[in-house]
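# Coordinate inspection notes
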Amino acid sequence: MLKIYNTLTGKKEPFEPLVPKTVRMYVCGVTVYDYCHIGHARSALVFDVIRRYLEHSGYTVEFVKNFTDVDDKIIKRANEQGVSCDQITAKFIQAYYDDIERLGVRPASIEPKATEHMADIVRLTETLVAKGLAYQVDGDVYFEVAKFPDYGQLSRRRLEDLQAGARVDVDERKRHPMDFALWKSSKPGEPSWESPWGPGRPGWHIECSAMSIRHLGETFDIHGGGMDLIFPHHENEIAQSCGATGKEFARYWIHNGFVQINQEKMSKSLGNFFTIREIFEKSEWPEAETGEMLRYFLLATQYRGPLDFSDQSLREAKNAVDGFYDLFMRLGESDTRTTADKDLALTIERCRSAFRDAMDDDFNTPMAIAALQGLRSDVNKLLDHGLSTEWRRTARTEFRSLGNCLGLFQLDRWQFNAPARLKGAHRQAVLEAERQHAQAGKWDPSYHELLSGRSKLPPTERSSAPALTDEEIEKKLVERNEARKQKDFKKADEIRHFLSSCGIIIEDKPNGTSRWKR
RNA sequence: GGCGCCGUACCCAAGUGGUAAGGGAGCAGUCUGCAAAACUGCGAUGCAGCGGUUCGAACCCGCUCGGCGCCUCCA
């Protein structure tokens, strides 16, 4: 039984959708005026995983995630850059897709834009005015919070506690300081739409009410977003939507915690800000591996808690994922032994059950990952005892299936954290091999720093090392194993060190053959 | 001033009343020509501190300390 922590009640509650087997879910996407940072990534990822798990659990998920493409910040940005609002929003919507795709976030079922729902927005505003919950002042329309008795239920605030005007000047025309704009008259040069109150544009919150009601109905199951949206955004959405329809709006409210840097919220004013594309640009690993590493990192913390971002945590995540792909490599090899075959089914069943328990408990991804780690360890043991090719395939399939809920373990090839794994005498030998290559002018010696333990995400210098093709590597491997057979270990080691200095790790198998990895 | 969150081993991180999951890093060992992988073992008598409730508390209550967020735009 799935339980979800509901912000509205402050409790974990059993989840029962309004319509059996179907979940209708709305998530506040982004306001498109800038590149996405890791915080946006976390939010997108959290709800992507929730959606995936609901589907895995047998639900059909109608998942709506919006773009807010009319907004003060967009107008401001457009004016700064001397371009139109459309140009700004088009650019950053595309950037959003680019970034989020690299993280393996699946597109929502419907991704509506505010600008495409003006009729809905105007109609909703008219309804609120007609019901006496909103009033017009000049060309603006405000929602009157005092007319909505439940105002503050989501954020657990009383109207009297809200010290409006403490940090910003109160508009004298408003009846209550907390009244908020549904419709704003537009100044010359600003984007505007016709309305009964004159040309204008929607306020910040109304578009989400309009779009969610349009695509999911007046009452739906899940509404989500970042913690910071609880107030005022979601509070106001509830007031508008319930006020207009007289019905319950969203039934379960889910909010994800912040990404922090050194215990502080990321923000532009603090300058502690990482965009998604920045992470990819700085990563020393290929795109797919970087995406999965980031994903693992973001899911290794429960979605409601704060999450501190650091290079070290990111590297730890990479190492952890490497461990899984080490296993997948073994699972890809054939074996005729069958000793452990009979135990695999039970092992898998245990993991499935633990995984389900974890995810059912308010999407506890760290616990779910622990279950997968358990399976990794168990399967490695079975592999030592002897697992047939067929059952190896079964095990790999299981990792794919469960991993798919988290968006992990879908890759066929994986580039390992090779240089970081080298230790001791071997590392010295590799450094020496590399030094010789550098002297011979083969590649940039700055690669040294990569090998000798760097602490920051380095600029990608790997590209300056000789890139060997698979065929070249295979050829070297044959050469080396021939040497080993002849007991010419000096030559064998030279080849090993050469390959290591190119970022290739060789692992010898008991039968005299070897596997390699990047 | 109001509302709320966080503090668990070297690091990350579960656990929210029944006697501290998991991972990463580290150390030791098995295996191995070397190396890597894998496996085995080690690692918090204690969960910021102090009180209280309880047969029993990391979990409940109170206070204190430290850090953070929201109340203006923000994932």
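My aim in this report is to walk through the structure given alongside it, one point at a time.

Criteria and cut-off values
Residues numbered from 1 in each chain as written. Chains lettered and ligands numbered in written order. Predicted model: local features only at pLDDT ≥ 70, side-chain atom pairs only at ≥ 80, totals over all residues. Heavy atoms only, no water. Pairing = 2+ DSSP bridges. Helix = DSSP H or I, 4+ residues; strand = E, 2+ residues; numbered from the N terminus. Axes fitted to C-alpha atoms, helices over the stretch in contact; angles between N-to-C directions. Contact = heavy atoms within 4.5 Å. Buried < 20%, exposed > 50% of the residue type's maximum accessible area, 1.4 Å probe, protein only.

For sheets, the rule is that strands pair by backbone hydrogen bonds, running either parallel or antiparallel. The four strands lie next to each other as β5-β6-β7-β8, forming an open sheet whose pairing is antiparallel. This sheet does not close on itself; its edge strands, each paired only once, are β5 (134-137) and β8 (200-202). Strand-to-strand twist across the sheet, computed as the mean angle between neighbouring axes with direction ignored, equals 20 degrees. Pairing between strand β7 (residues 180-185) and β8: three bridges, direction antiparallel. Counted as the bridge partner of Lys184 is Arg201 from β8.

With that settled, consider the sheet that holds strand β3 (residues 22-31). Spatial strand order, β4-β3-β9-β10: four strands in an open sheet with parallel pairing. The open sheet is flanked by β4 (60-68) and β10 (250-256), the only strands paired with a single partner. Sheet twist, expressed as the mean angle between neighbouring strand axes with direction ignored, is 20 degrees. In terms of strand pairing, strand β9 (residues 220-226) meets β10 through six bridges, oriented parallel. Opposite Gly224, over in β10, you have Ile254 as the bridge partner. Each of β3, β4 and β9 touches helix α5 (residues 206-216); the most contacted strand, β4, lies at about 150 degrees to it. Against the sheet, helix α6 (residues 230-245) contacts β3, β9 and β10, and its axis sits at roughly 160 degrees relative to β9.

The next subject is the environment of Glu160. Relative to the helices and strands, Glu160 is located in the loop between β6 (140-143) and β7. Owing to a relative accessible area of 61%, Glu160 belongs among the exposed residues under this scheme.

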